[in-house]
Amino acid sequence: MRLELEPRLLHSRAALVGISIGSVAVGLLAGAVVLAATGIDPLEAYGAILQASLLGGGYAISDTLVKATPLLLCGLGCAVAFKARLWNVGAEGQLLLGAWAATGVASSWLPPQTPAPLMLLAMGLAACVAGALWAGIAGWLKAWMGVNEVITSLMLVYVAQRFLAFFVFGAWSEGGFPLTPVFPRSGWLPRLSDLAGRFPALSGITLHLGLVVALLACVVMWLAMTRSVWGFEIRLLGDSPKAAAYAGLPVQRRVLMTMLVAGALAGLRLHRHRGGVAWASASDGGLGFVGGVRGAAGGCEGGAAGGHRPDAARSGDGDGRRGRFPGALPDSNESGSFTGVAMTPEAFTFLENLLAAGVARGTPILLAAVGELLAERSGVLNLGVEGMMLLGAAVGYSVAWATGSLVLGLLAAMAAAAALAAIHGLVAVSLGGDQVVSGLGVGFFGAGLAAVVGADLVGVSGVPRAPTFELEGFASLPILGPTLFSQNVLVYVGLALAALTWVYLYRTRWGLKLRAVGESPTAADAQGIHVGLVRHLHVAAGGALAGLGGASLSLAVTPGWVDGMTSGIGWIAVGLVIFGAWDPVRVAIGAYLFGAIRRLPLDLQGIEGLPFLRNPNLGYFLDMLPYLFTIAVLAVASRGSWRQRFSTPAALGTAFVRGERGR
């Protein structure tokens with residue numbers, strides 16, 4: 001007797017509760033494995049967490065609820081978008097913009113003597129409007145141009161971080177420190193401890209009005225989703241966009257409206273008791289990504305929270321060739337500013353430096369993008385590239401440091417990222433799970449695991465780095481010499497892999513099978529091709545290349561380990577596959593172009609004769625260029641005339657189940 005498992009179309013409430021409990025249990029088990037692998041007793045760690053959050057008395061419980069308040073609002077905003085099948089995973093950026101707007105109202109835009117009710121109302125409205133407008137950018141691009149909202153909303157997170165950093169380190173800075181003046185008293189949310197004079201039992205209880213607002217927002221959105229025409233339209237749009245359009249529903253306007261509402265909820269950052277903006281490191285755990293799926297930029301005491309400082313996150317942001325060119329950073333642990341570094345103003349030298357650095361810096365993007373191309377050609381979307389790159393960077397640096405071998409470090413990075421990709425393959429291919437959810441979850445797990453692996457690697461030196469290969473007689477050629485004939489060896493590995501991938505896709509039988517599976521898995525299965533095996537192998541291979549890309553970052557481009565050092569290039573790699581039309585040659589060209597754009601802000605600040613470019617505040621806006629350019633490229637690539645030229649795999653993102661038609 002043969003048993004076959006088939007997914008249910010509808011789930012009972014008991015099944016839904018069981019799935020939630022099982023998910024938590026699996027998450028705790030995975031966390032226990034990681035803790036045990038690092039020498040920490042999982043039971044002791046979980047006990048400490050439980051004691052600090054729930055069993056530590058009234059203060060512990062109230063502080064846990066306070067910290068959960070913005071998380072609740074971000075999660076609610078993401079849930080509203082999910083109902084319409086929109087992936088608002090950039091809620092962190094909306095939270096940051098909301099925090100910026102609320103801080104501006106309290107510290108700059110309204111006088112301190114403004115009555116508290118009016119001040120708090122203005123702060124809340126400003127936060128909602130700012131968050132809504134930020135999410136509306138991704139919503140508009142999705143609705144009218146068909147741009148993937150996952151990538152655009154995430155790119156906007158990095159833009160928001162740099163935008164807020166401009167104010168924290170500049171216009172709102174208090175005495176040159178990365179914080180602003182404390183809000184006036186009228187901008188503080190009332191909390192229960194304020195009544196401790198009359199009710200001593202409330203002393204130390206930090207619960208504030210924000211929790212009431214968050215719970216009320218949950219009730220309102222539940223009623224809107226279940227009892228209103230708008231909610232019905234949103235659910236219809238999520239269940240069947242084609243049916244919604246056939247019924248005459250204004251799909252584009254509803255998509256935009258849903259993202260606006262989601263952004264308004266995520267942007268409503270309710271501070272605890274005081275005000276002001278303080279800057280926190282990326283490792284502090286952001287609230288917006290946790291609300292959607294994961295945390296990346298730190299929350300803080302005041303009205304706004306920031307992520308990592310743009311230049312600090314890329315400590316030693318160079319090209320792996322320090323000291324060779326004017327403008328290159330002299331040391332791997334210095335931040336990316338060009339203060340005091342002379343650079344020849346001639347355009348020729350500027351171009352030579354930019355191209356050479358662009359090729360070096362584009363190599364990690366190229367490796368990750370080629371890996372993503374292989375996965376997508378098989379019909380599997382892997383949105384965990386960023387986490388796989390981070391894990392590869394941490395594991396590669398750790399193993400190279402422990403063994404003194406660059407090769408072992410690179411191989412370990414590839415193996416770790418491939419194992420992570422295999423988990424995605426298990427969920428997305430074998431179990432038929434949602435590829436977006438699986439990829440995001442696996443990627444965020446990889447980023448967290450990388451932080452654990454690299455906890456003791458910050459500042460570690462003496463790790464072997466990729467050597468520079470110079471071809472005598474050619475390295476001295478103008479422009480071409482530094483760009484093509486005097487690079488670290490991983491640059492040539494990346495070029496070779498891109499070329500071999502092209503040959504593999506278009507000149508081998510296995511490449512033909514891969515393309516067949518990505519276009520029509522049903523037809524490929526009918527021809528005797530093992531669809532599942534093809535997808536598993538190429539998803540794992542894609543993960544291995546992402547890990548190699550991460551290792552090339554920590555062992556060649558910016559030698560060293562810093563948590564979050566990829567700074568979004570994994571997401572750029574995913575967008576680059578679309579930009580390159582799923583062709584390895586175009587992907588390679590695009591990768592080097594993006595590498596040059598990522599280096600451009602640093603080179604611009606090193607030009608003599610243009611002192612305004614040395615303004616440190618301008619650097620925050622220049623640092624936005626790679627992310628804004630990614631959004632622009634995706635917008636252009638999604639236009640109808642361009643989209644027709646692209647060979648998008650027809651089965652991309654579609655699970656395959658034998659025996660089902662049209663799959």
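Residues numbered from 1 in each chain as written. Predicted model: local features only at pLDDT ≥ 70, side-chain atom pairs only at ≥ 80, totals over all residues. Heavy atoms only, no water.

Caption draft 1: Examining a nonpolar patch on the surface more closely. A surface patch of nonpolar side chains, about 500 Å² in accessible area, is lined by Phe469, Leu471, Phe474, Leu477, Leu480 and Leu484. As for its placement among the helices and strands, Leu471 is situated in the loop between strand S1 (468-470) and helix H17 (480-484). (Patch = residues over 30% accessible without salt bridge, like charges linked within 9 Å, V, L, I, M, F, W, Y side chains within 5 Å. Areas by Shrake-Rupley, 256 points an atom, 1.4 Å probe, with all protein chains shown as cover. Salt bridge = Lys/Arg side-chain N within 4 Å of Asp/Glu carboxyl O. Helix = DSSP H or I, 4+ residues; strand = E, 2+ residues; numbered from the N terminus.)

Caption draft 2: Geometry of the confidence of the model for the protein. Residues of the protein with pLDDT of at least 70 account for 83%, and the chain-wide mean is 82. When pLDDT is averaged over each helix and strand of the protein, the minimum, 36, is found for helix H12 (residues 310-313) and the maximum, 96, for helix H21 (residues 531-557). Across residues 272-286 the pLDDT falls below 50, and counting only partners more than four positions away or on other chains, this stretch makes 68 contacts in the model. Low pLDDT, under 50, characterises residues 293-345; the predicted model gives this stretch 189 contacts beyond four residues in sequence or across chains. (pLDDT = per-residue confidence, 0-100. Contact = heavy atoms within 4.5 Å.)

Caption draft 3: Inspection of the packing of aromatic side chains at higher detail. Evaluation of the coordinates by the stated rule reveals 14 aromatic pairs. Taking the centre distance of 5.7 Å and the plane angle of 85° together, the rings of Phe469 and Tyr492 count as edge-to-face. A residue pair is termed long-range when its members are at least 10 positions apart, and Phe469 in strand S1 and Tyr492 in helix H18 (residues 489-507) qualify at 23 residues. According to the relative accessible area criterion, Tyr492 is partly exposed, its value standing at 23%. (Phe/Tyr/Trp six-rings, centres within 6.5 Å; stacked < 30°, edge-to-face > 60°. Buried < 20%, exposed > 50% of the residue type's maximum accessible area, 1.4 Å probe, protein only.)

Caption draft 4: Examining the nonpolar core more closely. With 143 residues, the main nonpolar core has Val150, Trp561 and Trp571 as its most contacted residues. If you tally residues by element for this core, the top one is helix H6 (residues 149-171), at 13 residues. Counting five residues, the second largest nonpolar core, distinct from the first, contains Phe350, Ala596, Leu604 and Leu622. (Core = buried A, V, L, I, M, F, W, Y, C linked by side-chain atoms within 4.5 Å.)

Caption draft 5: Looking closely at the pattern of salt bridges. Throughout the structure, instances matching the rule amount to four salt bridges. Across the pair Asp623 and Arg162 runs a salt bridge whose closest N-O atoms are separated by 2.9 Å. Here Asp623 is found in the loop between helix H24 (616-622) and helix H25 (625-637), whereas its partner Arg162 is found in helix H6, with 461 residues between them in sequence. Residue Asp623 is classed as buried on the basis of its relative accessible area, which comes to 6%. The exposure class of Arg162 is buried, given its relative accessible area of 0%. Put simply, Glu233 and Arg254 hold a salt bridge, and the shortest N to O gap is 2.5 Å. Of the two residues, Glu233 is situated in helix H8 (residues 229-239) and Arg254 in helix H10 (residues 251-267); the sequence distance between them amounts to 21 residues. The pair formed by Glu233 and Arg254 is uniform in burial state, with each residue classed as buried.

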